[in-house]
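Here's the letter readout for the chains.
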Amino acid sequence: MRLWSSLSDRDAVPSFLSSRHPQKPSARCPAGQLHTPAELFTMSIRLAKPDDLLAIQAANLQNLPENYSMKFWIYHAMTWPQISFVAEDQKGRIVGYVLAKIEEAEEDESGNKPQNDNGKPAEIHGHVNSISVLRAYRRLGLAKKLMLLSQEAMATVYKANYVSLHVRRSNKAAIALYQGALGFKVAKVEAKYYGDGEDALSMRLDLDTGKP
Ligand SMILES: CC(C)(COP(=O)(O)OP(=O)(O)OC[C@H]1O[C@@H](n2cnc3c(N)ncnc32)[C@H](O)[C@@H]1OP(=O)(O)O)[C@@H](O)C(=O)NCCC(=O)NCCS
């Protein structure tokens with residue numbers, strides 16, 4: 001399909017956007033299955049491509065109550081193709097993903113940039129829409145690596161000043177990942193943000209864009 005072939009042409013992507021993942025060789029998954037060192041060392045993390053979207057959607061359905069139509073996944077992959085990543089095992093199966101977008105306030109009719117509450121121009125920022133790792137592959141550092149690659153691409157490709165996300169107040173694993181492992185801070189609590197009435201923590205991490 002034409003759409004796919006044009007999107008999968010990513011030869012110009014900088015090398016940091018694709019990465020072999022150094023794993024802990026003796027990691028045991030929660031189900032008790034032991035991943036062999038060969039399996040772990042051949043897992044890789046790379047940019048998500050359109051062919052991955054069905055597997056990403058399947059992983060999302062398995063791992064999270066927040067699910068989206070295929071239109072949503074395609075829109076993100078087409079619009080911001082440099083900031084979403086997948087983790088795949090040695091057989092090429094998708095075992096984790098991060099899907100992100102860029103939010104940039106548009107200029108008004110007179111060409112003025114919108115301003116923040118403090119009167120400064122509104123900043124470009126990245127937003128993580130969804131991240132998950134299949135149960136058998138958790139606590140191997142995959143989510144942290146997916147997040148770091150996405151954050152780096154947001155800062156270098158789009159000059160995003162910060163990255164934001166929402167997380168359920170009860171999601172201890174994800175909060176430990178964001179706050180403990182990655183340094184996110186809680187910006188505010190959004191009451192009853194989720195469909196079932198649970199509050200969201202709105203979290204944020206400043207990015208180093210390399211700008212003076
Ligand atoms: C949250 C999630 C993505 C983490 O994925 P992961 O690949 O297991 O995370 P990592 O291995 O990269 O973890 C990095 C660090 O985060 C913290 N962390 C991750 N999972 C944790 C858990 N269950 N308990 C406590 N800390 C945890 C730890 O500090 C960990 O480092 P360590 O293993 O050296 O202690 C995964 O549990 C998941 O897919 N959950 C279901 C979907 C979900 O909740 N997504 C987030 C929506 S906001």
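The rules behind each value
Residues numbered from 1 in each chain as written. Predicted model: local features only at pLDDT ≥ 70, side-chain atom pairs only at ≥ 80, totals over all residues. Buried ≥ 20, exposed ≤ 12 C-beta atoms within 10 Å, placed from the backbone. Helix = DSSP H or I, 4+ residues; strand = E, 2+ residues; numbered from the N terminus. Pairing = 2+ DSSP bridges. Axes fitted to C-alpha atoms, helices over the stretch in contact; angles between N-to-C directions. Parallel < 35°, antiparallel > 145°, perpendicular 65-115°, else oblique. Left-handed = near helix turned anticlockwise from the far one by under 90°. Contact = placed C-beta atoms within 7 Å. Nonpolar A, V, L, I, M, F, W, Y, C, P; charged D, E, K, R; others polar. Near = placed C-beta within 6 Å. pLDDT = per-residue confidence, 0-100.

S.K.: Before we move on, could you go through the pairing of strand β4 (residues 94-103) and cite the residues and values that matter?
M.R.: Buried residues dominate β4, accounting for 7 of its 10 residues. Looking at chain direction, strand β3 (residues 85-88) and β4 are connected through 4 bridges and run antiparallel. From the neighbouring strand, A87 faces β4, where its bridge partner is G96. The hairpin formed by β3 and β4 contains 5 residues between the paired strands, and G92 there has a positive phi angle of roughly 85°. In this sheet, strand β5 (residues 125-133) lies alongside β4 in antiparallel orientation, the contact comprising 8 bridges. Of the residues in β5, the one forming a bridge with I102 is G126.

S.K.: Explain the packing of helix α3 (residues 53-63) against helix α4 (residues 70-79) to me, and be specific about the residues and the numbers.
M.R.: In contact at an axis separation of 10 Å, α3 and α4 are set at 125° when each is read in the N-to-C sense. Comparing the axis directions of α3 and α4 gives the class oblique. Here α3 runs over α4; the crossing is right-handed. Of α4, the residues touching α3 (which contributes L53, I56 and Q57) are M70, W73, I74 and A77. Looking at the contact of α3 with α4, its residues break down into 6 nonpolar, 1 polar and no charged.

S.K.: Could you give an account of the site of the ligand, with specific residues and numbers?
M.R.: Close contacts around the ligand come from 20 residues, with R138, A143, K144, A173 and A176 the closest. Only β5, α5 (142-158) and α6 (172-181) provide two or more residues apiece to the shell around the ligand. No other element matches α6, which puts 6 residues into the shell around the ligand.

S.K.: Tell me about the pairing of strand β8 (residues 200-206), and please be specific about residues and values.
M.R.: With burial as the criterion, only one face of β8 is covered, namely that bearing L201, M203 and L205; the residues A200, S202, R204 and D206 on the opposite face remain uncovered. Two elements, strand β7 (residues 185-190) and β8, share 5 bridges in a ladder whose sense is antiparallel. Bridge pairing links V189 to L201 in β8.

S.K.: Break down unusual backbone geometry for me, with residues and values.
M.R.: Generally, phi is negative for residues other than glycine and the peptide bonds are trans, each holding for most cases. Even without being glycine, R139 reaches a positive phi, approximately 60°. Residue position: R139 is located in the loop between β5 and α5. R139 gets classed as partly exposed once you count the C-beta atoms within 10 Å, which come to 13. Look at K159: it is not a glycine, yet its phi comes out positive at around 55°. Locating K159 in the fold gives a position in the loop between α5 and β6 (162-168).

S.K.: So what's going on with the confidence of the model for the protein chain? Residues and values would help.
M.R.: Per-residue confidence for the protein chain gives a mean pLDDT of 82; residues scoring 70 or more make up 72%. Low pLDDT, under 50, characterises residues 1-31; the stretch is placed with 50 contacts to residues that sit more than four places away or in other chains.

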